[in-house]
Amino acid sequence: MITELDNPFDQLKRVFAYSLPLRRKFRRITVREGLLFEGEAGWGEAAPFWDYDAQESSRWLRAGLAAATTAFPAAKREQVPVNVTIPVTAPEVAAQLVKESGGCTTAKVKVADPGSSLRGDCERVAAVASALGPQGKVRVDANAAWDTDQAVKAIGELQAAVRDGGIDGLEYVEQPCPTVSELAQVRRQVEPKIAADESIRRAEDPLAVARAGAADVAVVKVAPLGGIERAVEVAHESGLELVISSALDSSVGISAGVAAAAALDHLDHACGLATVALFTQDVTKESLLPTAGTLPLRRIEVDTTQGQDAPALAARWQKRLKEMMRY
Ligand SMILES: O=C(O)CCC(=O)c1ccccc1C(=O)O
Ligand SMILES: [Mg+2]
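Conventions adopted
Residues numbered from 1 in each chain as written. Chains lettered and ligands numbered in written order. Predicted model: local features only at pLDDT ≥ 70, side-chain atom pairs only at ≥ 80, totals over all residues. Heavy atoms only, no water. Axes fitted to C-alpha atoms, helices over the stretch in contact; angles between N-to-C directions. Helix = DSSP H or I, 4+ residues; strand = E, 2+ residues; numbered from the N terminus. Parallel < 35°, antiparallel > 145°, perpendicular 65-115°, else oblique. Left-handed = near helix turned anticlockwise from the far one by under 90°. Contact = heavy atoms within 4.5 Å. Nonpolar A, V, L, I, M, F, W, Y, C, P; charged D, E, K, R; others polar. Pairing = 2+ DSSP bridges. Domains from an automatic or database assignment. Buried area = accessible area lost by both parts, 1.4 Å probe. Polar contact = N/O pair within 3.5 Å; in protein donor to acceptor, adjacent residues only side chain to side chain. Expected span 1.5 Å × (residues − 1). Buried < 20%, exposed > 50% of the residue type's maximum accessible area, 1.4 Å probe, protein only. Arc of directions from axis to C-beta. Near = heavy atom within 4 Å. Areas by Shrake-Rupley, 256 points an atom, 1.4 Å probe, with all protein chains shown as cover. Donors = N, O, S within 2.8 Å, 3.2 Å for Na, K, Ca; no water. UniProt positions renumbered as here; feature names shortened; annotations may be inferred. Salt bridge = Lys/Arg side-chain N within 4 Å of Asp/Glu carboxyl O.

(A) Structural detail: the packing of helix α3 (residues 118–132) against helix α4 (residues 148–164). α4 packs onto α3 with a crossing angle of 30° between their chain directions and a minimal axis gap of 8 Å. As summarised for this structure, α3 and α4 are arranged roughly parallel, according to the angle between their axes. Note on packing geometry: the crossing formed by α3 with α4 is right-handed. Between α3 and α4, the contacting residues are Leu118, Asp121, Cys122, Val125, Ala126 and Ala129 on the first element and Lys153, Ala154, Glu157, Leu158, Ala161 and Val162 on the second. Tallied by class, the residues present in the contact of α3 with α4 amount to 9 nonpolar, no polar and 3 charged.

(B) Summary view of the pairing of strand β1 (residues 2–5). Relative to strand β2 (residues 12–26), β1 runs antiparallel, the two sharing 4 bridges. Looking across to β2, one finds that Ile2 is bridged to Tyr18. Linking β1 back to β2 in an antiparallel pair, the connection comprises 6 residues.

(C) Representation of the domain arrangement of the protein chain. Each assigned domain of the protein chain is listed with its residue range as follows: domain 1 (1–71 + 303–323) and domain 2 (77–294). Placing a centre on the C-alpha atoms of domain 1 and another on those of domain 2 gives a separation of 25 Å. Taken together, the contacts link 28 residues of domain 1 with 32 residues of domain 2. Taken over both partners, the interface formed by domain 1 and domain 2 buries close to 2700 Å², and the fraction arising from carbon and sulfur atoms is 58%. A per-residue breakdown of the area domain 1 buries against domain 2 is headed by Leu20, Arg24 and Phe26, which together make up 22% of the total. For the pair domain 1 and domain 2, the interface holds 15 residue pairs in polar contact (both at pLDDT 80 or more). At the level of secondary structure, the elements contributing two or more residues to the side of domain 1 that touches domain 2 comprise β2, β3 (29–39), β4 (42–46) and α1 (54–69).

(D) View of helix α11 (residues 311–324). An ideal rise of 1.5 Å per residue puts 20 Å on 14 residues; α11 measures up with 20 Å between its terminal C-alpha atoms. When α11 is considered as a whole, its buried residues turn out to be Leu313, Ala314, Trp317, Arg320, Leu321 and Met324. Down the axis of α11, the smallest arc covering the buried residues is 135°, so these residues share one side. For α11, the exposed residues lying more than 90 degrees away from the buried face are Pro311, Ala312, Lys319 and Lys322. On the buried face of α11, the contacting elements are β1, β2, β3, β4 and α1.

(E) The environment of Glu174, seen in detail. Mapping Glu174 onto the fold places it in strand β9 (residues 172–174). Judged by relative accessible area, Glu174 falls into the buried class, the value being 1%. For Glu174, the contacting residues outside a window of four places in its chain are Lys108, Val140, Asp141, Ala142, Asn143, Ala195, Asp197 and Val219.

(F) Quick peek at the site of ligand 1. In the vicinity of ligand 1, 19 residues are found, and the nearest of them are Thr85, Lys108, Asn143, Lys221 and Ser245. Asp197 has a polar side-chain atom sitting 3.0 Å from an oxygen atom of ligand 1. Against a free-state accessible area of 380 Å², the protein chains account for coverage of 99% of ligand 1. Among the residues forming the shell around ligand 1, the class breakdown is 4 nonpolar, 7 polar and 8 charged. Two domains each provide a minimum of three residues to the shell around ligand 1, namely domain 1 (1–71 + 303–323) and domain 2 (77–294).

(G) Structural detail: the coordination of the magnesium ion (ligand 2). Donor atoms from the polypeptide that bind the magnesium ion (ligand 2) are Asp141 (OD), Glu174 (OE) and Asp197 (OD), placed at 2.0 to 2.2 Å. Mapping the donors of the magnesium ion (ligand 2) onto the primary sequence yields the spacing D-x32-E-x22-D. Taken together, the positions of Asp141 in strand β8 (residues 137–141) and Glu174 in strand β9 put the pair 33 residues apart, joining distant regions of the chain. In terms of burial, Asp141 and Glu174 fall into one category: buried.

(H) Highlighting the UniProt feature "domain: Mandelate racemase/muconate lactonizing enzyme C-terminal" (unreviewed entry) in the protein chain. According to UniProt, the feature "domain: Mandelate racemase/muconate lactonizing enzyme C-terminal" (unreviewed entry) maps to residues 91–193 in the numbering used here. Structurally, residues 91–193 is divided into 50% helix and 14% strand, and its ends, taken at the C-alpha atoms, are 24 Å apart.

(I) How the structure looks around the sheet that holds strand β6 (residues 84–86). Strand order in the open sheet formed by 7 strands is β6-β7-β8-β9-β10-β11-β12, and the pairing between neighbours is parallel. Two strands bound the open sheet, and with one partner strand each, they are β6 and β12 (241–245). Ignoring strand direction, the axes of neighbouring strands in this sheet form an average angle of 25°. Sheet topology note: the β6/strand β7 (residues 106–110) ladder contains 3 bridges and is parallel. If you follow Val84 over to β7, its bridge partner there is Ala107.

(J) The arrangement of the pattern of salt bridges in detail. Taken as a whole and judged by the stated rule, the model has 21 salt bridges. Put simply, Arg187 and Asp216 hold a salt bridge, and the shortest N to O gap is 2.8 Å. Of this pair, Arg187 sits in helix α5 (residues 180–189) while Asp216 is found in the loop between α7 (208–211) and β11 (217–221), placing the two residues 29 residues apart along the sequence. Classification of Asp216 as buried rests on a relative accessible area of 17%. Between Arg201 and Glu198 there is a salt bridge, with its nearest N and O atoms 3.3 Å apart. Of the two residues, Arg201 and Glu198 are both situated in helix α6 (residues 198–201); the distance of 3 residues between them amounts to about one turn of the helix. Accessibility assignment for this pair places Arg201 and Glu198 in one class, buried. What you see here is one network of salt bridges that share partners, running through Lys108, Lys110, Asp141 and Glu174.

As structure tokens, then:
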């Protein structure tokens, strides 16, 4: 659902707020909301989570404005391989999500959520591995939930679980612990590769993790870094293996992620950009959902005919936009 706001920008044609229900809870969120910008170059999105303050959110605003007003960068590829994202859910449901993923051969399984146990995480990982088959790849994302001892133990058990499911080992473990020094410690003690996400997107210095040798893989997100240009720059400067991932955006935000992934010198792993499947609706008639495990590089046209009156949604985003614009 979308609703039009007052447009405070000379460089934009129209501004909307959107609200999209999730199929199931994801990181404690059940509804995703954000802003959509129509500009000369197309549509852009700014959807900072509600627990982000105005200053941190202002980078998301910059990313959305840039997407609407400037062309996508030159592309090195027209298709981007993506992973299916598996939230905390029963093993049978997880296996079903793999089957319905639009041909994804890589899965990212959320683990260490407040609502999950290590045992449940292992069962889900094994079910996902056997649904993918032996040629598939499984990565897990702990969202910084573990200390180093918990991480080493959990990663050992998850590694065994993926082997129970018929796959050789985990592709990588995303953000097992909060700090760069913990990541470095865990990396020395476990078999799978370590990927950094929060240590890049929420850090004052997004390249500190790379300099510390604390990760093998950089998970790079367009909106939290302030736009495609900066995301591509951070990715290249990291010198790490690269993945572009979504922040649970509508198809508009996803299209900017695909554009960043398409512009990279090297793309080493499937990208976390298949998250439109987690919503029950979208802001466009042509959702960016995978076929044959890939997403195409293209602009998204917002379906403005679905615009409706939603005074509460409009009011809270008009206020938030004003706050973000101060930075
Ligand atoms: O990478 C993916 O597969 C999906 C994106 C994802 O997991 C995510 C979505 C919103 C906020 C945080 C994260 C995350 O990677 O931690
Ligand atoms: Mg992550």
